[in-house]
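Spelled out, the chains give:
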Amino acid sequence: MTTSTTDAPAAGCHSLVLRLPDGADPQHLLSGATPDPVRIGQTSVPAGADEPTAEARRHAESSRPIHRDGPPLRAVVLRYTDGTADLVLVAVRAAVPPAALRRIARRALGRAAEEGGVLPGVLPRPTVGGGPVPAQRSGPEWGLGEPELRGVVGSVRIDLGGLGEHAERLFLPAIALALSRYAGGDRAELGVLDLRDGTGTGEVVRVHVVEEHPDCSGAEFLRRFDREPVTPGAPVTPLPPAAAQEPPAVGVVLSPAFEEGGYTAALAPVFPLTVQLDEGASHATCRFDRGSVDASVAHRFCAHVAHLASQLAHGPGARPLAELELVPPAEREEILRTGGADGAGDRAPVRGRIDRAFERVAAAQPDAVALLADGDRLTYRQLNDRADAVAAGLSALDVAPGSLVGVCLERDAELVVTLLGVLKAGCAYVPMDPRYPAQRLRFTTQNAEVPVVVTSAAEFPQVPEVRLLSPAALAELGADRASTGAHRSDQGDDEGDGPAYVIYTSGSTGTPKGVVVPHRNVLALLRATAEDFAIGPDDTWTLFHSGAFDFSVWEIWGCLLTGGRLVVVPYWTTRDTEEFYDLLAEQGVTVLNQTPSAFAQLVRTDQRVRRGLALRLVVFGGEPLDVRMLAPWFARHPASDCRVVNMFGITETTVHVTAQTVTPRDVVAGSRSVGRPLPGWSLSVRDERGRVLPPGVPGEIYVGGAGVADRYLGLPELTAQRFVLDGATGERVYRSGDKGRLRPDGRLDHLGRLDNQVKVRGHRIELDEIRTVLLGAPRVTAAAVVVNRDDPDDPASSRIDAYVVLDAAADGATDPAEVLAHAKAKLPDYMMPTTITAVAGIPLTINGKPDVSGLPDPRNSSAATPAEAQERPETHESPAAGGITDDILSIWSKFLNTPVGPQDNFFTLGGNSLLVVRVLAEMRERKLPRVAPKQLYEHSTAAQFVEYVRRLAEATSVPQ
Amino acid sequence: MRLTGKAVIVTGAARGLGRACALRFAEEGADLLLLDIARDLPDVPYPLGSSGQLEHTAALCERAGAATVTAAVDVRDSRQCALAVDRALDRFGTVDVLVNNAGIASPSGKIAHDITEREWSLMLDVDLSGAWRMMKAVAPVMVDRRAGSIINVSSTAGTVGYRHFASYVAAKHGLIGLTRAAALDYAPMRVRVNALCPGSVRDDPVLEGRMLAEIARSLEVPVTEHEQIFVRDQPMNALIEPSDIAGAALWLAADDSRQVTGSVLTVDGGFTSR
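Residues numbered from 1 in each chain as written. Chains lettered and ligands numbered in written order. Predicted model: local features only at pLDDT ≥ 70, side-chain atom pairs only at ≥ 80, totals over all residues.

A word on the overall build of chain A
Counting its regular elements, chain A contains 28 helices and 39 strands. Every one of the 960 residues in chain A was classed for burial, and the buried ones make up 50%. (Helix = DSSP H or I, 4+ residues; strand = E, 2+ residues; numbered from the N terminus. Buried ≥ 20, exposed ≤ 12 C-beta atoms within 10 Å, placed from the backbone.)

Some details on the overall build of chain B
Each helix and strand counted, chain B has eight helices and seven strands in total. A compact globule built from 274 residues would reach a C-alpha radius of gyration of about 19 Å, and chain B, at 17 Å, matches this within 12%. Each principal axis of the C-alpha atoms in chain B carries an extent, and together these give about 45 × 40 × 35 Å. Residues classed as buried in chain B amount to 54% of the 274 residues present. Excluding contacts between residues fewer than 6 apart, the proportion of contacts in chain B whose partners are at least 24 apart in sequence is 74%. (Rg over C-alpha atoms; globule rule 2.2 N^0.38 Å. Contact = placed C-beta atoms within 7 Å.)

With respect to the sheet that holds strand E10 (residues 262-264) of chain A
Residue and element names in this part refer to chain A. Reading across from one edge, E2-E3-E4-E1-E10 is the order of the five strands in this open sheet, with mixed pairing throughout. The outermost strands of the open sheet, each flanked by one partner alone, are strand E2 (40-44) and E10. Pairwise comparison of adjacent strand axes, ignoring direction, gives a mean angle of 15° for this sheet. Bridge count for strand E1 (residues 13-19) against strand E4 (residues 85-92) is seven bridges, and the pairing is antiparallel. Paired with Cys13 across the strands is Val92, a residue of E4. Contacts from helix H3 (residues 52-62) reach E1, strand E3 (73-79), E4 and E10, with the element oriented near 20° to E4. (Pairing = 2+ DSSP bridges. Axes fitted to C-alpha atoms, helices over the stretch in contact; angles between N-to-C directions.)

Some words on the packing of helix H4 (residues 117-145) of chain B against helix H5 (residues 166-186) of chain B
Two packed helices can be described by the angle between their axes and the distance between those axes. Residue and element names in this part refer to chain B. Viewed as axis vectors pointing N to C, H4 and H5 meet at an angle of 20°, and their least axial separation amounts to 9 Å. In terms of axis orientation, H4 runs roughly parallel to H5. Of the two elements, H4 crosses H5, and the hand of that crossing is right-handed. Here Glu119, Trp120, Met123, Leu124, Asp127, Leu128, Ala131, Trp132, Met135, Ala139 and Val143 of H4 come into contact with H5, specifically with Ser167, Tyr168, Ala170, Ala171, Lys172, Gly174, Leu175, Leu178, Ala182 and Tyr186. (Parallel < 35°, antiparallel > 145°, perpendicular 65-115°, else oblique. Left-handed = near helix turned anticlockwise from the far one by under 90°.)

A short note on the interface of chain A and chain B
Contacts between chain A and chain B engage 18 residues on the former and 15 residues on the latter. Put simply, the parts of the chain that give the side of chain A that touches chain B at least two residues each are E2 and H3 of chain A. When the residues that make up the side of chain A that touches chain B are grouped by side-chain class, the tally is six nonpolar, seven polar and five charged. (Nonpolar A, V, L, I, M, F, W, Y, C, P; charged D, E, K, R; others polar.)

Points about the confidence of the model for chain A
Any region with low pLDDT has predicted coordinates that should not be read closely. Residues and elements named next belong to chain A. When the pLDDT values of chain A are averaged, the result is 82; 83% of them are 70 or greater. Predicted confidence is poor over residues 1-6, with pLDDT under 50, and the contacts of this stretch with residues over four places away or in other chains come to 19 contacts. Contacts for the low-pLDDT stretch residues 229-235, under 50 throughout, to residues beyond four places or in other chains number 15 contacts. (pLDDT = per-residue confidence, 0-100.)

Points about the sheet that holds strand E7 (residues 264-267) of chain B
All names here are of chain B. If you walk across this open sheet you meet the seven strands as E3-E2-E1-E4-E5-E6-E7, and the pairing is parallel. Each of the sheet's edge strands pairs with one partner strand only, and the pair in question is strand E3 (68-72) and E7. For this sheet the average axis-to-axis angle between neighbouring strands, irrespective of direction, equals 15°. Looking at chain direction, strand E2 (residues 31-36) and E3 are connected through five bridges and run parallel.

A few points about the packing of helix H11 (residues 380-396) of chain A against helix H12 (residues 413-424) of chain A
Residue and element names in this part refer to chain A. At a closest axis distance of 7 Å, the pairing of H11 and H12 adopts a crossing angle of 55°. As judged from the angle between their axes, H11 and H12 are oblique. For the pair H11 and H12, the crossing hand works out as right-handed. On the side of H11, the interface is formed by Leu383, Arg386, Ala387, Asp388, Val390, Ala391 and Leu394, while H12 contributes Val417, Thr418, Leu420, Gly421, Val422 and Lys424. Among the residues making up the contact of H11 with H12, the classes are represented as eight nonpolar, two polar and three charged.

Overview of unusual backbone geometry
Glycine aside, residues mostly have negative phi, and peptide bonds are mostly found in the trans state. Residue Ser106(B) is joined to Pro107(B) through a cis peptide bond whose omega torsion reads 20°. Positionally, Pro107(B) belongs in the loop between strand E4 (97-100) and H4. Phi is positive for Arg610(A), close to 55°, though the residue is something other than glycine. Structurally, the position occupied by Arg610(A) is in the loop between helix H19 (596-609) and strand E24 (617-620). The exposed category is assigned to Arg610(A), around which 9 C-beta atoms lie within 10 Å. Of note in this structure, His164(B) is not a glycine but carries a positive phi near 65°. Within the element layout of this structure, His164(B) appears in the loop between strand E5 (148-153) and H5.

Observations regarding the environment of Glu766(A)
One can find Glu766(A) in strand E35 (residues 763-766). Taking the C-alpha atoms as reference points, Glu766(A) and Thr505(A), separated by 261 residues in sequence, lie 9.3 Å from one another.

Quick word on the pairing of strand E1 (residues 7-10) of chain B
Residues and elements named next belong to chain B. Here E1 shows two buried faces, one formed by Ala7 and Ile9 and the other by Val8 and Val10. Strand direction decides the pairing type here: E1 and E2, joined by four bridges, are parallel. When the bridges of E2 are listed, Val10 appears paired with Leu34. The handedness of the E1 to E2 crossover, carried by helix H1 (residues 16-27), is right-handed. Pairing of E1 with E4 involves three bridges; the strand directions are parallel. Note on E4: the bridge partner recorded for Ile9 is Leu98. (Right-handed = clockwise from strand over helix to strand, strands pointing away.)

Now the structure itself:
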């Protein structure tokens, strides 16, 4: 590993070290050799020529770049104590190309006296001075460089011995192939600086590799590389120089051989990662800027290039290119181990059922408080008994063990009782949120083929052959049997292989898909976390999230299976940050699970209200965390008092996959890491063909181990696509569709979705699902859906903008509002587009995908229809003149980022739960009456809201 | 090795503090452009550095493993300053550190109004303007690279007054003013400028320093008596050693002080703290 600087002048210089013959006078020999006289520096080195001091001095002199304003050639004589001397020539390559340097060297050695006159080839120096410092070149996406090390150069030697005489012919294709695999596609960019002919100064060209034609063999690939340049579409396409705006991140320097002495083709890496290959040498040297490329990543890259080159050299030539290995088997094993693949083998697999585990806890501490919900207070024994009644009720209904049971209840004690009861009956629950639209509830009920839905919602849609029962009715049915234990399923499954729940997630086909998760997965999740998080009977948790969101699985069972106290948070309290904050303080909650968006609101409240909190563990999940928002939190709550853990997870892998404890140091560094896999879970990053990718290289996250779900309900084909048997390990793994990269230390960086699934305020949304619904509306012939943010740094400003092409030939007026009404009947609120804009056509990219950048701005487009414009009466009356109205309209305008009229609806103009909180906070600051969030939901037009606030103001201003 | 591969210019390098700094930098891996006027000036009543002494400094540095270039440069001549910097660039490709050490202590020893016009101008031309001229020649290189450290060797006379040294005190105070202003000019370009203020430094025979002797002579007191006065007045009761100054200069030159600019670092045994 060497250290030097990588400024552009150094990369543009080359050097040659010559041993001078005894008595040679380089000043004399070089006189007249160059257009300008060469001034020769003399330095005495206090050592013999072979001593380390001398070597260090030679290295220092031959790596010292030329200043851009000076002469293009520097000559220095190093005189050693043993009487020998070296001449070090350093030159600007563009002015003194390799051939000219060679002639100067021969002249200095006295070998070319006959070649009199000024040496040809010393060119006028290109004007580079005066301009700004060249922009920093960016390294490869997979480099994982440490920005603080920018300018520090690392080097790796690549042995070419095994390649024989073909080394040079094999090397370039091998690098190109490695790069294309790293890039995760069929193309790669590679800079080539060819100095071998000796006369040219070498130009950077871009090589465009179209890799892996299905029928392209290794031999064919090499042949085509030799024939460069070849026709477009073939593996190698040099791009015209005009396209080379910025040098590629990776490049090769092909350097001529110098018999005269030691030659260095570039004093600094020409590209952020540069592989230098000397003509006829038995090794190549990779040099890289450690600001762009991590040393271990560079080492692996070099090993992969060598491995590919070796396969190209020795393998059967007819072998398809796609079969060549990037990563040798031993390294693949090591990478899989880094991702935790061996962790599962260390432990006996977790077996058992959730309900049985609960019963053990209840037996151990029957009188401990299990549940607190809106006044209800249930001990473990009471909870167990009431759940037994539910189970007995199901049994009385002849719901067979193994059935799926729909549960559509508000967040209250009944919800938890019912979920546990369903499990006790040997059934699996299918949670549904009562706030989902009727069509979605009906879809889920039918798709899951549940015989029974436990719900208190009067408006739950009727589905043929499905019984709807309230929890009370169910418990009543089972009241007689509960005590006898007759409900108990004796059909075994003590192993916990059977399903515990089926949670529906957004699906790319336009319909949600049910994920079937077995009991043992949940128990494994607890075993993986309970010890590390030290969760136990002293903890108080909240049930904050909808039962239909799998974060609730962790909240409910994480608490109840470890003997803790679960505080059920009523829906309206989840929408009211201040009320929720008070609940946290009053109930002494110790374990809190939140999406980062929701927690950001809580941090603001915490800064303002400053009550004492008992929190000792905060777990993030549901969406990517921007750690910077935690700075004010850590200022009030040291990490030693309250541990903050960021977890990445997917419904299909049982809530969580990785855990990363976030520290104030991570906050400063802006870390994106989601941490290492949980014990028993494993992950790896793969390319499109499922091949394991090395650390640093982004690809699809594969998850294996104890959390992998059973299947998608009723979707065997999709199940086979996503839950695959891994050829590398023989285990079942889930292809997440998430983009990530492994770090050399085994931690994962989560880089978003590979497809167009997005997260909006914690909700996982498949844009195609919305698009499919829009396309189902009458007269819509094409649609596109995009997510925009008014403020790129503010997740709360995310909104879904839809574009539709309406069939003008159809009867009736073309009106996007009708499309909206159609969508509203089918999509939950969080998936509803904020705007629908009618356009003449959806612009497409060359690949045939919608070109988002070509769509008009929905805010400025005259065709844009703020949702529900249809419902807006043609009136411009102001509901009330004066202060409150103006204040409220201006506050709404400010946060909705659009002018607001009295009849506008907060939510159709892009309002959402986070903006509700901000609007109410702003009202407080302007000394307007304090309003609960629920009221803004219930009075959601400006006129209604103003009227409500005015009444409130009048009520509170009554003299006392 | 804290200065490996760094190119350093030291003015007034033939002997004394200049030599002490050059040697210390050479030991830390720096390569050096060593500058000195290398001749006497008629108006300065004591011998200045010689070319022989300058070459001797270079030889000592090369023995320590440095590459050196020497040049006779009068800092009163901006053209000579610029040429010297070109020499450094030709040989080393860059300049990382400039130590503005060249300076004279006399003609002095007079009450302020007795100083002649010529004596006054000479003192300011060498001790203040000379540093500015070197800075003018070197700074563009550093600004270009967004890196560099300039060390102006001022004096305790840059922060307090001394009787009968008005022109010297004015020049050394001026040098601190220059340091502070230039530090602000160059801070956005990440070039640092700091002042170093030695107290009374012992004349080391190896370094062939004679500053203290010349000051004593200006004041018409024997050197030993002059030394004793300083030792008595200095809170730490000791003369400053040249290595103390070289160590401070090394710190200002190296990346250890990367957030230090516009500072005035006194190495005076507490003398100016009273």
